[in-house]
Each structure stands twice: as structure tokens, then as C-alpha cells.
Amino acid sequence: MIWILLTVVITTLIAGTLVVVLRSLLAAVAASAVVSLGLSLIFMLLRAPDVALAEAVVGAGLSGVMFALVARRLPIADDETTDAQDGGDA
Amino acid sequence: MSWRGRDMAALLLLIGLGVLLAAVLEPILFGAAPMLVGSQIQALGAEPTGAANLVTAVLLGYRGFDTLGELTILFAAATGAGMVLAQGNRGRHDVAPVGFVLQVGSSLIFPLLLLFGFYTILHGHITPGGGFQGGAILAAAYFVPLLGHAGHPLPSGLTTLLEGLAGITFIVVGLVAMMAGDTFLTPFGDHGTLGQLLSAGSLPLLSIAIGVKVGTELANVLAHLGGIEQERG
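Residues numbered from 1 in each chain as written. Chains lettered and ligands numbered in written order. Predicted model: local features only at pLDDT ≥ 70, side-chain atom pairs only at ≥ 80, totals over all residues. Heavy atoms only, no water.

**As for the overall build of chain A**
Along its length, chain A carries four helices and zero strands. Reading the secondary structure of chain A in the N-to-C direction produces α-α-α-α. A total of 90 residues make up chain A; the buried ones form 27% of that total. Residue pairs at least 24 apart in sequence account for 53% of intrachain contacts in chain A once pairs closer than 6 positions are excluded. (Helix = DSSP H or I, 4+ residues; strand = E, 2+ residues; numbered from the N terminus. Buried < 20%, exposed > 50% of the residue type's maximum accessible area, 1.4 Å probe, protein only. Contact = heavy atoms within 4.5 Å.)

Pasting the structure below:
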């Protein structure tokens, strides 16, 4: 149990660092969705299924989509995604 | 400077609103630091509301008015986002070609997402979940066919209508409780058997209203953000 929790926490921390470090906006959005997913797993392990469900749906799902759509609208987004690796248009 | 006058009017309106809010909130007591409400609610258990999921019982039963406030905030945010996004960038239509996997996958996953969303809303008083979570799932489901260019599942006129109806339903349920002599949004109705789908009185009604409202609002924001202009009506 504690090892599962530790693994999830470390994964979440790494993903959180990646959000700041990554140059491609789209990749950063994906990393932030991973943070939310890890957070939702932690909530689940701490026996808060209601919060876990909300975090998974809103954090990992909807806000990820919203951020990605906003990033596409930003004028800098195009340069950044072409500078870094190909953004991977789903 | 006609702007000066408008600014002054806005400032006066804000001050007036602040005074009104202060007058309304002044007699309501704030809790002191060690809040004992939680342990009291836990000690009472599912008895007062008839909802097996205590989180939903708190959200819709004990704190129904706060939930109405949350809905209002979400409504204001969605309206603001719609107003900002509706103007500009309308002509830009960089439609990326949709691959086979996305096209088939979106039509495959859409009904499942719908089913799960409605399940989460309807079972909010029994299992984890409820209006907010289920509504967000419904909004995600709404966006999937848009991604796959499979067409618009709902015209924007219908989503606006549903959103308004859901908001009215929530308030009407609150008013019905007042007609019975209780305070606004007091849970009413037959509690039924604990853990059954048809139980917990008026709480599932509120849950459905929240689910539809959250779902349609978020779907509208997503559609606006995606730059997808829907056919009116």
C-alpha cells in the first residue's frame, strides 16, 4: 500500500516538474493531465472516491482539453510546438 | 468623456451591491475554529436524508444553498467565457484531417461516455459521484463527436434551453420545500429504502438538475473554445 502510494507520488512529482520544464505547450498540458491523474489516484488510495472522480474528470479530462484548445489559440503556441518536437496532433 | 460617467455608475452599483450583501450576510454567524459540524453529521449517518453516500447528503442536503452558489459561479464563468470567445477568431477554420482511429474511436466511445455520465448522476446518492462529476463526464462525451467530426450531437439552442430548465428545476425544488413550511432547499419526499435507486427523497432531483446544468454549460464552453460554430436553433 505504502509502495503504491510512493510510486504514484513520485510519478506525480516528476510530471509536475515536467509541466514547468517542457518547452512544448501541448506536452506541458499532457504532463499537467498526468499530475491530475496521479492526484486522483492518491485521493482514491486515501479513500476519497468522490473527490477522486471529480479530480479525474475535471483535472485530467476537461481542463486538459480546455488547456490544449487555448494553447492552440495562443499565437506563441505555433512557434513553440514547431520549435520543439512535432506536437503530435492526436 | 462618456466613459467617466459609466465608470462612476459601475462603481456606485458595486458599492451598493456590497452594502446589500453585507446587510444580508451580517446576521449569519460564522463558525469558530474547531468546527464540530462534520463529526455531528457523521454521527447522524444516513438517517436524516436517506442518502447512502454521505458526501452527496452534505452537498445537496445540508449544504444545498452553497451548491446553488457554486452553480451560480459556474454559470457566471461560463457566460463570461462565452462572451469573450464568441467574438473574434470566428473565420479561422483550420480543420485538421481526422484519422480513421479518431473517427471510429469517437463514435465507439461516445455512447459509453453518455451512459457512464448518466449513471454517475443518477446514482449520486448511492455511490461516489453525483451531479458535478456526471455533468463533467457528459460535457466530455459531448466533445468527443466534435473531435471526430461525426457531427454535432446537440444544437446550441437545445443546450441553452436544457441549461435554463435545469437551473429553474433546482430552484423550484428548493421552493417546494418552502411551501411545505421548511427553509429553502430542505430535502423532502419519501426516503425509501437505503441504497435503492429510488430513495433519498428530493436529492436525486437536485442531482439531475446539477448534472444537466454543469454538462450543458461545460459543453458550451468547450464548443466555443474549439472554435466550432454550431448551427443556431
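**A word on helix 3 (residues 49–73) of chain A**
Two residues of an α-helix separated by three or four positions point the same way, owing to the 3.6 residues in each turn. An ideal rise of 1.5 Å per residue puts 36 Å on 25 residues; helix 3 of chain A measures up with 35 Å between its terminal C-alpha atoms. At S63(A), helix 3 of chain A shows its largest bend, some 35°. (Expected span 1.5 Å × (residues − 1). Bend = angle between axes of the 7 residues up to and from the residue.)

**Comments concerning the side chain of S207(B)**
By the element assignment, S207(B) lies in helix 8 (residues 203–225). Polar contacts involving the side chain of S207(B) include one to the main-chain carbonyl oxygen of I121(B), which spans 3.1 Å. (Polar contact = N/O pair within 3.5 Å; in protein donor to acceptor, adjacent residues only side chain to side chain.)

**Side note on the interface of chain B and chain A**
Each partner contributes to the interface: chain B provides 22 residues, whereas chain A provides 14 residues. Buried area between chain B and chain A, summed over both chains or domains, comes out near 1600 Å², and the portion from carbon and sulfur atoms is 67%. Interface area lost by chain B to chain A is led by P128(B), Q133(B) and L225(B), which between them contribute 31%. Here chain B is connected to chain A by zero salt bridges. Breaking the side of chain B that touches chain A down by element, the ones donating at least two residues are helix 5 (100–122), helix 6 (131–147) and helix 8 of chain B. The biggest single contributor to the side of chain B that touches chain A is helix 6 of chain B, with six residues. (Buried area = accessible area lost by both parts, 1.4 Å probe. Salt bridge = Lys/Arg side-chain N within 4 Å of Asp/Glu carboxyl O.)

**Describing the packing of aromatic side chains**
All names here are of chain B. Throughout the structure, instances matching the rule amount to two aromatic pairs over all chains. When the centroid spacing of 6.2 Å and the interplanar angle of 80° are considered together, the rings of F65 and F184 count as edge-to-face. Here the residue F65 occupies a position in helix 4 (residues 64–86), and F184 occupies one in the loop between helix 7 (156–179) and helix 8, the gap between them amounting to 119 residues. The exposure class of F65 is exposed, given its relative accessible area of 57%. Ring geometry for F116 and Y119: centres 6.4 Å apart, planes at 15°, overall stacked. On the criterion of helical spacing, the pair formed by F116 and Y119 is a turn pair, its members being three residues apart in helix 5. Taking relative accessible area as the criterion, F116 reaches 39% and is therefore assigned partly exposed. (Phe/Tyr/Trp six-rings, centres within 6.5 Å; stacked < 30°, edge-to-face > 60°.)

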